[in-house]
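Spelled out, the chains give:
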Amino acid sequence: GPLTQTDPCHSKAIDCQVSDWTDWDECDRTCGSGQTHRARQISRFPQHGGELCPEVLLQTKGCNKGPCNVRDCLLSGWADWTPCSSSCGAGMQSRHREVVRERGEGGVGCSQELGETRECEDQVACGIKDCLMTEWSNWGECSVSCGGGYRKRARELTQLPDVGGQTCSGEVLEQIDPCGLSDCNMTCIDGTWGDWSAWAPCSVSCEGGTTFRTREVATSANKCGREPEGLARQEKLCNVGTPCHETQDCVFDDWSMWSNCSAKCNGVKKRSRTVAHYGSGEGSFCQGALHETFPCHPGIGEEVPKECAPAPDVDCMLSEWEGWSTCSATCGGGQHIRSRSVVQHPKNQGKPCDRALSEMHECARNSCSGPAAVDCEFGDWEDWQPCSKCDGERKRVRKILTYAMNGGRSCTDFESEEVQQCPRTCDEPTFCAWSHWNTWSICSTNCGTGGKRYRTRKLGLAGTAENSTGDSLVGGSHENRERYQVLYEDFKELQDPKLHEMALAFFAGGFFLLAGLVVLRGFSNASRTPMAQTFRRLPSEVMFPGPRTSARITEALSHPDPDEALEPMLE
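Residues numbered from 1 in each chain as written. Predicted model: local features only at pLDDT ≥ 70, side-chain atom pairs only at ≥ 80, totals over all residues. Heavy atoms only, no water.

1. Brief notes about the confidence of the model for the protein
- Averaged over the protein, the pLDDT score is 75; the fraction of residues at 70 or greater is 74%.
- Ranking the elements of the protein by mean pLDDT puts helix 4 (residues 530–536) last with 45 and strand 6 (residues 92–96) first with 90.
- Scored below 50 in pLDDT, residues 467–477 makes 24 contacts in the model with residues more than four places away or belonging to other chains.
- This model gives residues 526–538 a pLDDT under 50, and the stretch forms 17 contacts once residues within four places in sequence are excluded. (pLDDT = per-residue confidence, 0-100. Helix = DSSP H or I, 4+ residues; strand = E, 2+ residues; numbered from the N terminus. Contact = heavy atoms within 4.5 Å.)

Pasting the structure below:
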């Protein structure tokens, strides 16, 4: 325990004493979060070890926390009702309104509807409605890139049938198609461009035109390859610094001599000039006065003649400019003129008439002579170029036979090229097929014999093994082909026994005579068959065709009229 203790003596402990809290004073702000205060005071301090005074003698708290500018949400008025969704039968119409002002801090938000719908009134009854569907959508992406997958396309119902209308039964809303059939280990082939063509002639011969060059797809990209990169057509400016006419400035003739003064007192004198050569090309235009007037009796700075009575000064007064006249020429250089007249001649020391009475401007600078205008002329469309990719695009062009000259109609890019989707996809099989025959050409002669005419067709890609005309892929007439094939088979039938007998004769020399009899007997039997008799009538070059004859037969089969080409060889 403590060794010593102390205790007051002769005095009693007095505690601290404070007053009550004052009322909260007025808030220092009316809005936007202010403060208010209240306080208390020490009325008696502690003595002789009494209870100490509290530490807080002043308190502060927030007040008027609401925002100063309260903005509630504000809506616009209702718009007009929209037209009915259908012209007959049941339908709906709607109207809407918008938020004009959003709520601010402490404001009330928008809780009302922004749109309303209602059933149309006074609608007339509709007639019979059939089931209607949208067009098929585009095919979607294939589920796989290789190894076999599928793709989809769909359509939707746009109108249900009424009683008595055509129903939607049996209509397919979704289709599935195979795709991605290529081998996953296939080699990717990128597309490549061919060489650029030569630059085309400039579109104009002077004062700036354009020229172009093109290139075609040399190698089409397969499914996994990339299309050729770069442009198929390039353009550039040409003949930019070449003027269409020789450059020459306008030249005036010299001024004429001043005329005599128009009066002995306060008169005017005149002079004029003409255009010696009009400007052309990049030369300067003719601009300036053709007539001038000048005061006389007295002139500028001269004294008034003695015989002229003194009078007040009168300034020169000119009329307003008249309108420009029509150009004096339609080509080769001309002029249009405007003029004005002297309304008041000057007198005494008045302001003189020293400004131009006429002005001219040059016009019709185009050349009068020259060839007639030639319009652009295109040739026939060429064959479609290879596709940029198996499922990309292809293009065909037509050459420009005649370029525009002498102000004729220019060639436009859109008239020389056509682009369309490649007629095949990457996964579907394609075949070579003949197109329709073109019409027969005009006969090469008007009378007599020996005239010829021809027709052509083209070989292209098709989705089936038969083309639109029903001909086989090989095309052409089958009659001569079948005749040649039968003759060839007969030849083989006759040739095989002969070779067989010759082999037996070679290996069985001892039985040569017997083998010879067998060969003679075989030829004797074969000679009595109708096919052999037909074969004997063939030329030897057809029976045993060499390289040149085989080439002739192949060329004849690819002729537009194989019958006509093979007939001379079968006679």
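2. Some remarks on the pattern of salt bridges
- Under the definition given, this model contains 7 salt bridges.
- A salt bridge links Arg 226 to Asp 190; the shortest N-O distance between them is 3.7 Å. With a gap of 36 residues between them, Arg 226 in the loop between strand 15 (217–219) and strand 16 (233–238) and Asp 190 in the loop between strand 12 (174–179) and strand 13 (192–193) connect regions that are remote in the sequence.
- For Arg 226, a relative accessible area of 55% gives the class exposed.
- Ionic pairing is found between Arg 226 and Glu 229, a salt bridge with its closest N-O pair at 3.9 Å. (Salt bridge = Lys/Arg side-chain N within 4 Å of Asp/Glu carboxyl O. Buried < 20%, exposed > 50% of the residue type's maximum accessible area, 1.4 Å probe, protein only.)

3. Some words on the nonpolar core
- Cys 250, Val 275, Cys 286, Leu 290 and Met 360 together form the largest nonpolar core, which totals 5 residues.
- Those residues in contact with Val 275 that sit more than four places away from it in its chain are Cys 250, Val 251, Phe 252, Asp 253, Cys 286, Gln 335 and Met 360. (Core = buried A, V, L, I, M, F, W, Y, C linked by side-chain atoms within 4.5 Å.)

4. Some thoughts on the state of the cysteines
- Taken as a whole, this structure holds 7 disulfides when the rule is applied.
- The closest cysteine sulfur to the non-disulfide-bonded Cys 443 is located on Cys 447, 9.7 Å from its own sulfur.
- With relative accessibility at 36%, the residue Cys 443 sits in the partly exposed group. (Disulfide = S-S within 2.5 Å.)

5. A word on the sheet that holds strand 22 (residues 334–339)
- Taken in spatial order, the 4 strands line up as 18-20-24-22 in an open sheet, and their pairing is antiparallel. Only two strands of the sheet have a single partner each, and these edge strands are strand 18 (267–272) and strand 22. Along the sheet, successive strands turn relative to each other by an average axial angle of 20°, direction set aside.
- Alignment of strand 18 against strand 20 (residues 287–296), held across 6 bridges, turns out to be antiparallel. Residue Ser 272 lies in a different strand from strand 20, and its bridge partner there is His 291. (Pairing = 2+ DSSP bridges. Axes fitted to C-alpha atoms, helices over the stretch in contact; angles between N-to-C directions.)

6. Concerning a nonpolar patch on the surface
- Taken together, the side chains of Leu 157, Leu 160 and Leu 173 present a nonpolar region at the surface, about 280 Å² in accessible area.
- Among the structural elements, Leu 157 can be located in strand 11 (residues 157–159). (Patch = residues over 30% accessible without salt bridge, like charges linked within 9 Å, V, L, I, M, F, W, Y side chains within 5 Å. Areas by Shrake-Rupley, 256 points an atom, 1.4 Å probe, with all protein chains shown as cover.)

7. Side note on the sheet that holds strand 25 (residues 377–381)
- Judged by pairing direction, the sheet is antiparallel, and its 3 strands sit side by side in the order 25-26-27 without closing on themselves. The outermost strands of the open sheet, each flanked by one partner alone, are strand 25 and strand 27 (417–421). Sheet twist, expressed as the average angle between the axes of neighbouring strands with direction ignored, equals 30°.
- As defined by bridge partners, strand 26 (residues 393–402) adjoins strand 27 across 5 bridges and the pair is classed as antiparallel. Within strand 27, the residue paired with Arg 394 across the bridge is Gln 420.

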